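# Residue-level structural notes
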Amino acid sequence: MGVTEDKMKDFPGEVYSDDTGKANFMVTSIDKLANWARSNSLWPLTFGTSCCAIEMMSTASAKYDWSRFGFEVARATPRQADLIIVAGTICKKMAPVLKRLYDQMPNPKYVIAMGACAVSGGPFYYYSYTVVKGVDTIIPVDVYIPGCPPRPEALLEGMIALQTKIKKSRAYVVDSPKKEEK
Amino acid sequence: MSKEELKAYLELTFPTCKFENSIDFPMLIVEKEHFFAIAKQLKEEPATNFDFLFCQTAVDYTTRFEVVYHLTSTQYRHDLVVKVLLEDRENPVTESVYSLWKAAELYENEIFDLFGIRFLNHPNLRRIMLGADWPGYPLRKDYSDEFILTPQS
Amino acid sequence: MEVPNKLIPVEDAPGEFVINVGPQHPSTHGVLRLRVKLDGEQILDIEPHLGYIHRGIEKMSESLGYKQFIYLTSRMDYLSAHMNNQACSLIIEKGLQIEIPERAKVIRLLMIELQRLASHQLWWGSAGLDMGAVSPFFFAFREREQILEIFEETCGTRLTMNYITPGGVMNDLHPTFVKTVKTLIKQFKENIHEYDKLLTGNIIFQKRTQDVGVLSKELAISLGATGPVGRASGISCDVRKLHPYDGYEKLDFKEIVMTKGDSFTRYLVRIEEMKQSMHIIDQLIDNIPEGDCRVKTKAVIRLPEGEYYQRVETARGELGVYIVSDGNKSPYRIKYRTPNFSNLGALQYIAKGSKIGDLVAIMATLDLIIPDIDR
């Protein structure tokens, strides 16, 4: 849509332009509403391969309850989940499965790498012939949580950090925008 | 039977086989050709009755392979280790014991996958863990892979 | 990708098809892929595909020292982490012929029985969750969290402890250990009746598990099934009674053997084992001897040449460690005979003929931990 220079000058929100050079208007209060809604109702996908899955189950149970923060329903199908918490070691045979699950999730989607094995290969970094050295070689990761296994409080801190990250992001700009130089 | 009685009994019954001792169990070393008949006799003879195969594995000594069977009897509670030597490194083949102990099905799949030793008369021999297209056999001593990292590299 | 021959459906059997269960599935307890051949809803054949969590622990251990490979074993069957570490420590102590102090033995047994209790509690919670009952999950974790707090005070972490090492245990007990354990056992003895009310006496659970997945004694012996799976089919295979270690010969406890072999019997065996574990802890907790908690071992251990085998009883069956040593700093070959590997072999035989919904009940009571199968 064509926008004239003087209209952009008086506009109170932030203005971005996409690859065609035309300007997208972005109204910040809708953005804040969308971010608030998204971050407080992230539904995780149940994906645990090894020991970190047990700490994830502990976080889901009554003592360290994660549903206080909005992660209420853990879905078993990727089509209805927003967040995939990769808890456990990823091996070469499992890597295509993980990529397929990630591709099946609808946007907006987020990834938490939980545990040393998902962050970088962990205790299996040296001498192993099948362990993928970190899950960020396969899918893009938003939050890394170190530990072997990380305590449930550490997982909760990682999830709250993800919520903070979402609240500061731009909700409705999908492709990489450039801020208009005035 | 105790460890010494068992060893004496086996020395009488199988005069052609060699014996070794370890801290835990008496060990019977057999040749590949006689192995299945000896295993069948160990299982079906009422005096020994080795009906429980609790571990089957393979070891790669660089000039030969050894397939190691750990047997026990639920009736007499005595244990025995049987070892089969395979000299051929290019194409190691031996007889499967699935018809005697059903536990061997998964053990032999794993040995085939990680060492490359084939078993005849196995119901469904396949590369169960690594997949059919993995190059090489990882647990052999001469396996090398660029993917493996060491602290020196 | 290989297509195994025996599961291709035949043209003149129109109701037959092959489906894939896993690897990402809410109730396979890990990453296990099963190819199931069905005729309508009835299972004709099952073929397990492993390797999705195969980390090569046996090959890795050939490059690590004798004190270093023990940390990898905690991650194999992570719900019996103490037992795995104990198996490796016992085999090294057997090879080096060192004798550990009495205090260390009693501390080891206390930790082992608490671990067995925690493992069975988690099994109970997730067995209920698999069948659709959500409440048992929270009740099980209430008790398990208390045990994990006890572990955290003494051992340092909750799940992968590395506390039991060659020579004894890593450090001494926390000063409040005895008091906390006594409170826990007293509370759990009252709470275990809730477990019976929630699941054991529940008519839905009974109907889903009775006469489902029957494993006969001959088949169990031929398959090498141990642990509660073997004992529910009539084999007396408790390693703590047959080949006692670390002081089990002085304790008074029963071995739970039942004969029926269906899923409900496997469930009952584990509930009774929880009660026996509490009985063992009661005998030990007041009589911890004084003394050192470990003996010094050399910094770099070299086992003498030869072969060694050690068995322990984990929460799921008999774990065996087989080491071939050639006198160097690392083992030449190490093989873990894991209980879940043999129990998985039973799945193909006992699930034939049942419905696909019964498959979940059978897997819940077989209690498989997949990283233990793949190592």
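With that out of the way, let us pick up the overall build of chain B. A count of helical and extended segments in chain B gives 3 helices and 7 strands. Residues counted as buried form 37% of the 153 residues belonging to chain B. Partitioning the contacts of chain B with sequence separation of at least 6, the portion at a separation of at least 24 is 44%.

The next subject is the interface of chain A and chain C. Contact residues are listed per partner, giving 27 residues for chain A and 26 residues for chain C. Sorting elements by how many residues they give to the side of chain A that touches chain C places helix 3 (residues 52-60) of chain A first, with 3 residues. Partitioning the side of chain A that touches chain C into residue classes produces 16 nonpolar, 8 polar and 3 charged.

Residues and elements named next belong to chain C. Relative to strand 2 (residues 33-39), strand 1 (residues 16-21) is paired through 6 bridges, and the arrangement is antiparallel. When the bridges of strand 2 are listed, Val21 appears paired with Leu34. Bridge count between strand 2 and strand 3 (residues 42-49): 7 bridges; the pairing is antiparallel. Among the inter-strand pairings, Arg33 is bridged to a residue of strand 3, identified as His49. Here strand 2 folds back onto strand 3 in antiparallel fashion, the turn holding 2 residues, of which Gly40 has a positive phi close to 70°.

Here helix 5 (residues 135-155) of chain C spans 30 Å end to end across 21 residues, near enough to the 30 Å set by a 1.5 Å rise per residue. Where helix 5 of chain C terminates, the next one or two residues include Gly156 of chain C, which has phi positive at roughly 105°.

Turning our attention to the packing of helix 4 (residues 102-131) of chain C against helix 5 of chain C. Residues and elements named next belong to chain C. Axis separation between helix 4 and helix 5 bottoms out at 8 Å; the angle between their running directions is 160°. Taken as axis vectors, helix 4 and helix 5 run roughly antiparallel relative to one another. For the pair helix 4 and helix 5, the sense of crossing is left-handed. Packed against helix 4, whose contacting residues are Leu114, Leu117, Ala118, Gln121, Leu122, Trp124, Gly125, Ser126, Gly128 and Leu129, the element helix 5 presents Pro136, Phe137, Ala140, Phe141, Glu143, Arg144, Ile147, Leu148 and Ile150 at the interface. Its residues assigned to classes, the contact of helix 4 with helix 5 shows 13 nonpolar, 4 polar and 2 charged.

Glancing now at helix 3 (residues 81-96) of chain C. All names here are of chain C. With 16 residues, helix 3 ought to run about 22 Å at 1.5 Å a step, and its terminal C-alpha atoms sit 23 Å apart, in line with that. Counting buried positions along helix 3 yields 13 of 16 residues, so the element is predominantly enclosed. With its phi angle positive at about 55°, Gln97 sits one or two positions after the end of helix 3.

Moving on, we come to unusual backbone geometry. Here Asn107 of chain A and Pro108 of chain A are connected by a cis peptide whose omega angle stands at -10°. Its place among the elements puts Pro108 of chain A in the loop between helix 4 (95-104) and strand 5 (110-114). Phi is positive for Asn121 of chain B, close to 65°, though the residue is something other than glycine. One can find Asn121 of chain B in the segment after strand 7 (118-120). Positive phi is not limited to glycine here, since Gln97 of chain C has a value of about 55°. Take Gln97 of chain C: it is sitting in the loop between helix 3 and helix 4. Judged by local crowding, Gln97 of chain C falls into the exposed class, with 8 C-beta atoms found within 10 Å.

Considering every residue of chain C, the mean pLDDT works out to 88; 96% of them sit at 70 or more. Here the complex is predicted with pTM 0.88, and the ipTM for its interfaces comes to 0.91.

Attention now moves to the environment of Ile53 of chain C. The residue Ile53 of chain C is located in the loop between strand 3 and helix 1 (57-61) in this model. In this structure, the C-alpha to C-alpha distance between Ile53 of chain C and Arg231 of chain C, residues 178 residues apart in sequence, is 28 Å.

A separate point is the sheet that holds strand 6 (residues 306-314) of chain C. Adjacent strands of a sheet pair through backbone hydrogen bonds, lying either parallel or antiparallel. Residue and element names in this part refer to chain C. Taken together, the 3 strands give an open sheet; going across it, the order is 6-7-8, and neighbouring strands pair in antiparallel fashion. Across the chains shown, the open sheet's two edge strands, defined by having one partner strand only, are strand 6 and strand 8 (333-337). Sheet twist, expressed as the mean angle between neighbouring strand axes with direction ignored, is 15°. By the bridge criterion, 9 bridges tie strand 6 to strand 7 (residues 317-325) in an arrangement that is antiparallel. When the sheet's bridge partners are listed, Gln310 is paired in strand 7 with Val321. Sitting on the sheet, helix 3 is in contact with strand 6 and strand 7, with an inclination near 145° to strand 6.

Definitions and limits used
- Residues numbered from 1 in each chain as written.
- Chains lettered and ligands numbered in written order.
- Predicted model: local features only at pLDDT ≥ 70, side-chain atom pairs only at ≥ 80, totals over all residues.
- Helix = DSSP H or I, 4+ residues; strand = E, 2+ residues; numbered from the N terminus.
- Buried ≥ 20, exposed ≤ 12 C-beta atoms within 10 Å, placed from the backbone.
- Contact = placed C-beta atoms within 7 Å.
- Nonpolar A, V, L, I, M, F, W, Y, C, P; charged D, E, K, R; others polar.
- Pairing = 2+ DSSP bridges.
- Expected span 1.5 Å × (residues − 1).
- Axes fitted to C-alpha atoms, helices over the stretch in contact; angles between N-to-C directions.
- Parallel < 35°, antiparallel > 145°, perpendicular 65-115°, else oblique.
- Left-handed = near helix turned anticlockwise from the far one by under 90°.
- pLDDT = per-residue confidence, 0-100.

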